[in-house]
Amino acid sequence: MSEWVIKIEELGKRYRLRHEAEGHRYVALRDVLTERLKRLVRSGPARPSAEDFWALRDVSFEVQQGEVVGIIGRNGAGKSTLLKILSRITEPSAGRIRLRGRVSSLLEVGTGFHPELTGRENIFLNGTILGMTKKEIDGKFDAIVAFSGVEKFIDTPVKRFSSGMQVRLAFSVAAHLEPEVLVIDEVLAVGDAAFQKKCLGKMQDVAAEGRTVLFVSHDLAAVEKLCTRAILMDGGRCRADGPTSQTIACYQSTLIQSASADLTSRNDRRGEGFVRFTKIQMLGESGREQSLFLSGQPLRIRLHYRAGSNGLLANSRISVTVNGWGKVYFLASTELHSHESLTLPPEGFIDCVIDELPLSRGNYYLSPFFELNGVIQDWVDSAGTLQVEDGNFYGTGKDYPIGWEGKTVLVKHRWESANEAAVSQPELKSV
Amino acid sequence: MSELVIEAGRVEGQYWKDLWKYRELFYFLAWRDFLVRYKQTVIGIAWALVRPLLTMVVFTVVFGKIAKLPSEGAAPYSILVFAAMLPWQFFSTSLTESSNSLIANPNLISKIYFPRLIVPASSVITSFADFLISFILLIVMMASYQFWPDWRIITLPLFVALAFGAAVGSGLWLCALNVEYRDFRYIVPFIVQFGIYISPVGFSSSRIPEKWRLLYSLNPMVGVIEGFRWALLRGESRLHWPSLVASVILTVLLCLSGTWYFRRVERTFADVI
């Protein structure tokens, strides 16, 4: 009865963390040589310079023909590593995967797209990279172009395309792969609402044709809609595996448990270091830790710190920025809040209280900053993660409109008009 | 239904099958690089002509006029130089391009699977297109000197193949080393710059004392350049058989070891890039 197409057996992936390479992303030949030389001179046993880290451990599951399986879990849970092994980008360190049929994986749309080339040229290039033959692409070319909706610009270099157009074109190529097993990572997070709908539809078609889909996403709503079964990954292992609604419920309950982050072991910080942040906590209305917040809910960011001596910390300034990748959404600072300079005990915590969380759905990063007498003491990039779901920010019960999705700051405001009948419903502002 | 097993260290057989399956990608990647290179530069295709031409002029003046080194028989010195410049330019651009090819395309490596060997190999193909363009210049030069090659020119494809082998072999080595050790890219320009002087580009290899010739031909480009001259200069430049054989053996070894090393490092590319 079991007609599996993917069978994963005790799969594991080990990465080696290098201590000496901290701060350096790459190994340099120079360093390797000097290290060898040092060892030769010392002639002692090599000091342990690497530590093993299992990004995946003992993962086993089967996927049946025609199943649509969602894989969920927080960042660093091992989802991407699993997909990379499935897509044969990297090799497993233990266990194995058995696959039946042609597998296509889509970890990114538009891999190999070149801005200088035209849409037409990129379709051929991207198609061959994805494993299609020129003949196949020739046959599907018109369908690809029609699906993308960029017919008019097909002979224009894609650098002149809007990012939405690029994504549409790229997804169109990928959508015409016709594999027996389709592995997809977060690709739906891009593009506008109408196109997302089209993509979801296309994926449903793929599933309806009896093909197998493995879908990784942060978008729980999309997983719920598409998948019949979901697997929850956590710390490199499978935590739950079952009907989608059950797995999602399990995921949401694990989220609430860990909203604080210990900062004592962070090494990638800047500043003098006389005062250090030790912990960051996100507290909800009841004063209890929470990790999923709704827009419009109160949020209390608690920053624990400790100084190197017992004296009072006069003339302190503390701030915290809320940012997404490479973009600061807003800054909260003690300096903005009061005229007087702040004096703090040598150890303790300080709370930044936001009465109504003005953020739309998404993940945000909190970076606290501590300055004493004008000297930066501590600055921890992305010390905590704030997960926000759409809530009732405007008091209208309306969600942030789909299609405007993306991380944004919400601003309370109203509209006025000389006309009596004018609506005074709040509207949206995006930054 | 075909079954594929993904397991640590068990992909070898599949790899060569995939290489065949993805054969069109060789062409498409080379074609992309070629298009992009010439779309971005203002003088476009002319670039492939200007570089070897200028180097040829400098070498002819320095070695032929100032140092007064003799040419081979009746062959004009500039043609002697250009016949060597062609394969050398092909080799050196291949080396530079293929050694950077993987680092320049990190997303190809970390986001999708295909046999990685295709990436450095296709940059050699791109350089070959440049080679063909510069070849036109040689024809023009020969016409202006009224110096035409004889039957020996039909052997030229063999030497082109030898140059291809040398370029692919060393390209694979450098490409893999470059991913593993990021400071390797500083070494490549040095090899290229140094190589033009230790290879017989500006002078005839008959200048090398007989007893050193075999040692000299450990540089795989020596055999290639001598072959090019022999095939293009009506045999005015004699073939030194022992060094040609040495070059061929060395090139084969370079290709085999390059492939071996590349394959060995390849499985970790996605983790380190």
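As a reminder, the structure under discussion sits directly above these lines.
Residues numbered from 1 in each chain as written. Chains lettered and ligands numbered in written order. Predicted model: local features only at pLDDT ≥ 70, side-chain atom pairs only at ≥ 80, totals over all residues.

Right, let's talk about the interface of chain A and chain B for a bit. With 37 residues of chain A at the contact, the number on the chain B side is 30 residues. Among the secondary structure elements, those contributing two or more residues to the side of chain A that touches chain B are helix H1 (29-42), helix H2 (79-86), strand S4 (94-100) and helix H3 (119-129) of chain A. Classifying every residue of the side of chain A that touches chain B gives 17 nonpolar, nine polar and 11 charged. (Contact = placed C-beta atoms within 7 Å. Helix = DSSP H or I, 4+ residues; strand = E, 2+ residues; numbered from the N terminus. Nonpolar A, V, L, I, M, F, W, Y, C, P; charged D, E, K, R; others polar.)

The subject of this paragraph is the sheet that holds strand S18 (residues 347-354) of chain A. Reading across from one edge, S10-S12-S14-S18 (chain A) is the order of the four strands in this open sheet, with antiparallel pairing throughout. The sheet is open, and its two borders are formed by strand S10 (261-262) and S18 of chain A, each paired with just one other strand. (Pairing = 2+ DSSP bridges.)

Comment: phi is negative for the bulk of residues other than glycine, and the bulk of peptide bonds are trans. All names here are of chain A. Even without a glycine there, the phi angle at Asp58 is positive, about 50°. By secondary structure assignment, the location of Asp58 is in strand S2 (residues 50-64). C-beta crowding within 10 Å serves as the criterion here: with 14 such atoms nearby, Asp58 is assigned to the partly exposed category. The phi torsion at Asn373 lies on the positive side, around 50°, for a residue other than glycine. (Buried ≥ 20, exposed ≤ 12 C-beta atoms within 10 Å, placed from the backbone.)

All names here are of chain A. Read across the sheet, six strands follow the order S5-S6-S7-S3-S8-S9 without closing on themselves; strand pairing throughout is mixed. Of all strands in the sheet, those with a lone pairing partner are strand S5 (103-106) and strand S9 (237-243), marking the two edges. The sheet shows a mean angle of 15° between the axes of neighbouring strands, direction not considered. Sheet topology places strand S6 (residues 181-185) next to strand S7 (residues 212-216); five bridges connect them, and they run parallel. Along S7, the bridge assignment pairs Leu182 with Val213. The strands touched by H2 are strand S3 (68-72), S5, S6, S7 and strand S8 (229-234); relative to S6, the strand with the most contacts, the crossing angle is about 145°. (Axes fitted to C-alpha atoms, helices over the stretch in contact; angles between N-to-C directions.)

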